[in-house]
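Structural features, examined
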Amino acid sequence: MTRPQPAIFIDGSAHHHYLEYNVGTGADMAALKRAIVKTLSAAETVPADSGVNMVVAFGPALWARLDPGGDLKGFSPFQRISGVDGREAPATQRDILIWLHGARLDETFDGALTVQRRLAGLAELAFDERGFTYHDSRDLTGFVDGSANPKDEAAREAALIPDGQPGVGGAFVLTQRWVHDLDAFSVLSETEQERVIGRTKPDSVELEGDAMPPDSHVSRTDVKEDGVALKIYRRSAPYGLAGEHGLYFLAFSCDLHRFDVQLKRMFGVAGDGQHDRLIAFSQAVSGSYWLAPSLDDLERVFAAD
Ligand code: HEM
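Bear in mind the structure is a predicted one, so any value in this text is a computation, not a measurement.

1. Overview of the overall build of the chain
When its secondary structure is counted, the chain shows nine helices and 14 strands. For 305 residues, the compact-globule estimate of 2.2 N^0.38 gives 19 Å, and the chain sits close to it at 19 Å. Considering only intrachain contacts with a sequence separation of at least 6, the fraction spanning at least 24 residues in the chain is 78%. Taking the average location of the 30 positive side-chain charges in the chain and that of its 45 negative ones, the two points are 3 Å from each other.

This is the structure we're talking about:
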């Protein structure tokens with residue numbers, strides 16, 4: 001039985017810290033491996049009751065160098081999507097993603113400092129941002145984010161590479177930083193905002209029948225293919241300050257294809273003449289695909305040579 005990284009599924013953290021690193025082609029891989037081993041063991045030695053959780057994930061190019069024999073289905077860099085109305089999902093593919101989350105800002109921050117000390121000089125810190133829980137798990141638009149997320153066993157099924165496939169117990173990951181235009185969104189009446197999202201604002205009830213617009217966010221992301229619901233497991237959180245803010249979109253999936261389908265439907269390039277109204281109110285400014293390997297694969301790849 002393979003063991004996924006447990007922190008993927010630990011819920012309810014009020015504080016998040018995201019670190020994205022680039023690793024040059026000339027990097028000292030042996031030293032980098034040692035630093036990652038230390039980073040991973042630091043996470044394990046954090047006292048269990050301190051509540052700092054860590055997920056580590058790798059971009060396709062670095063993972064291919066770390067695990068040259070692996071043959072992961074469809075694991076390739078995030079590709080830019082050029083959408084309708086001049087909107088786009090840019091590609092900023094990076095090499096290492098560290099997601100720390102916990103109950104306390106100070107402890108989560110200490111975790112991020114520890115990781116940075118270990119990786120400094122071996123990998124270039126390209127993105128460094130904190131996320132937070134906003135009210136009762138709402139996005140900054142004021143809508144609850146995560147209502148339709150699969151739970152328990154269904155979450156594991158949505159997020160993890162299944163038995164019999166290379167990378168079993170790992171999870172593919174999509175991260176995207178979105179910058180919101182809350183001024184533009186707040187001009188809309190509450191009913192109109194609900195039509196953009198596809199759920200009611202106070203209590204997150206899904207709109208039904210004729211009340212659900214075909215271009216709502218829910219209509220564009222709740223997708224079935226050959227009768228199979230393309231579920232993903234979302235762990236996004238708001239980030240930012242008064243001037244610039246938005247959502248750090250972070251989601252796990254058993255298959256990168258699911259993200260691809262949802263993004264193409266959002267950006268109006270799925271061929272059905274529709275796009276997601278939400279992209280008028282928020283702009284993606286980064287995008288990477290990652291693999292969060294199982295603990296078994298981490299132990300195998302980072303075992304002392
Ligand atoms: C500005 C960025 C985004 C915001 C503010 C946002 C917000 C929301 C909100 C408020 C909901 C409804 C409540 C819920 O079920 O969680 C939702 C649902 C959902 N979102 Fe997003 N989202 C964003 C980007 C994305 C992206 C990039 C994807 C996929 C690549 C995505 C996939 C989904 C899915 C799968 C659902 C559930 C649909 C269902 O089955 O009902 N979202 N999102």
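2. Describing the pattern of salt bridges
Side chains bearing opposite charge may pair, as long as their charged atoms lie close to each other. Under the defined criterion, the tally for this structure stands at 20 salt bridges. Close ionic contact of Glu244 with Arg177 constitutes a salt bridge, the shortest N to O distance being 2.9 Å. Pair noted here: Glu244 is in the loop between β11 (237-240) and β12 (245-253) and Arg177 is in strand β7 (residues 171-180), with a separation of 67 residues, a long-range link. With a shortest N-O distance of 3.1 Å, Arg300 and Asp297 are connected by a salt bridge. Of this pair, Arg300 and Asp297 both sit in helix α9 (residues 295-301), three residues apart, which is roughly one turn of that helix. Since its relative accessible area comes to 46%, Arg300 is described here as partly exposed. When salt bridges that share partners are traced, they join Arg3, Asp296 and Glu299 into one network.

3. Some thoughts on the coordination of the iron atom of the ligand
On the protein, His217 (NE2) is the one donor atom to the iron atom of the ligand, at 2.0 Å. The topology assignment puts His217 in helix α7 (residues 217-221).

4. Concerning unusual backbone geometry
Working note: non-glycine residues mostly have negative phi, and peptide bonds are mostly trans. Positive phi, normally seen in glycine, also occurs at His135, with a value near 50 degrees. Considering the arrangement of structural elements, one finds His135 in the loop between β6 (124-132) and α4 (152-159). Despite not being glycine, Ser137 has its phi angle at roughly 60 degrees, a positive value. In this structure, Ser137 sits in the loop between β6 and α4. With relative accessibility at 41%, the residue Ser137 sits in the partly exposed group.

5. Some points on the site of the ligand
Near the ligand lie 26 residues; those nearest to it are Gly146, Ser147, Ala148, His217 and Arg234. The backbone of Ala148 places a nitrogen or oxygen atom 2.8 Å from an oxygen atom of the ligand. In the environment of the ligand, a nitrogen atom lies 2.8 Å from a nitrogen or oxygen atom belonging to the side chain of His217. Sort the elements by how many residues they give to the shell around the ligand and β7 lands first, with four residues.

6. Observations regarding the environment of Leu19
For Leu19, the location among the structural elements is in strand β1 (residues 15-22). Taking C-alpha positions, Leu19 is 8.4 Å from Gln116, a pair spaced 97 residues apart along the chain. Those residues in contact with Leu19 that lie beyond four places of it in its chain are Ile96, Leu97, Ile98, Leu100, Ala112, Val115, Leu125, Phe127 and Asp128.

7. Some thoughts on the side chain of Arg94
With respect to the helices and strands, the residue Arg94 is situated in the loop between β4 (88-89) and β5 (96-102). Among residues more than four places away in sequence, those in contact with Arg94 are Glu20, Tyr21, Asn22, Gly59, Ala126, Phe127, Ser288 and Trp290.

8. What to know about the packing of aromatic side chains
Where two aromatic rings form a pair, the distance of their centres and the angle of their planes describe that pair. A full pass over the atoms with the stated rule returns 12 aromatic pairs. Residues Phe127 and Tyr248 carry aromatic rings whose centres are separated by 5.5 Å and whose planes lie at 10 degrees to one another, so their mutual orientation is stacked. On the criterion of sequence distance, the pair formed by Phe127 in strand β6 and Tyr248 in strand β12 is long-range, its members being 121 residues apart. Both residues of the pair, Phe127 and Tyr248, count as buried.

9. Here we look at a positive patch on the surface
Judged by side-chain charge, Arg34, Lys38, Arg117 and Arg118 come together as a positively charged surface patch. Mapped by element, the contributors of at least two residues to the positive patch are α1 (29-45) and α3 (105-119). Here Arg117 shows up in helix α3. A residue is classified by how much of its surface remains accessible, and Arg117, at 63% relative accessible area, is exposed.

10. Some words on helix α6 (residues 190-197)
Gln193, Glu194, Val196 and Ile197 are the residues of α6 that are buried. An end-on view of α6 places all buried positions within 155 degrees of arc, on one side of the element. Packing partners of the buried residues in α6 comprise α5 (182-186) and α7. Looking one or two residues beyond α6, the residue adopting positive phi is Gly198, at roughly 100 degrees.

Reading the values: rules and limits
- Residues numbered from 1 in each chain as written.
- Predicted model: local features only at pLDDT ≥ 70, side-chain atom pairs only at ≥ 80, totals over all residues.
- Heavy atoms only, no water.
- Helix = DSSP H or I, 4+ residues; strand = E, 2+ residues; numbered from the N terminus.
- Rg over C-alpha atoms; globule rule 2.2 N^0.38 Å.
- Contact = heavy atoms within 4.5 Å.
- Lys, Arg positive; Asp, Glu negative; His and termini not counted.
- Charge placed at Lys NZ, Arg CZ, Asp CG, Glu CD.
- Salt bridge = Lys/Arg side-chain N within 4 Å of Asp/Glu carboxyl O.
- Buried < 20%, exposed > 50% of the residue type's maximum accessible area, 1.4 Å probe, protein only.
- Donors = N, O, S within 2.8 Å, 3.2 Å for Na, K, Ca; no water.
- Near = heavy atom within 4 Å.
- Polar contact = N/O pair within 3.5 Å; in protein donor to acceptor, adjacent residues only side chain to side chain.
- Phe/Tyr/Trp six-rings, centres within 6.5 Å; stacked < 30°, edge-to-face > 60°.
- Patch = residues over 30% accessible without salt bridge, like charges linked within 9 Å, V, L, I, M, F, W, Y side chains within 5 Å.
- Areas by Shrake-Rupley, 256 points an atom, 1.4 Å probe, with all protein chains shown as cover.
- Arc of directions from axis to C-beta.

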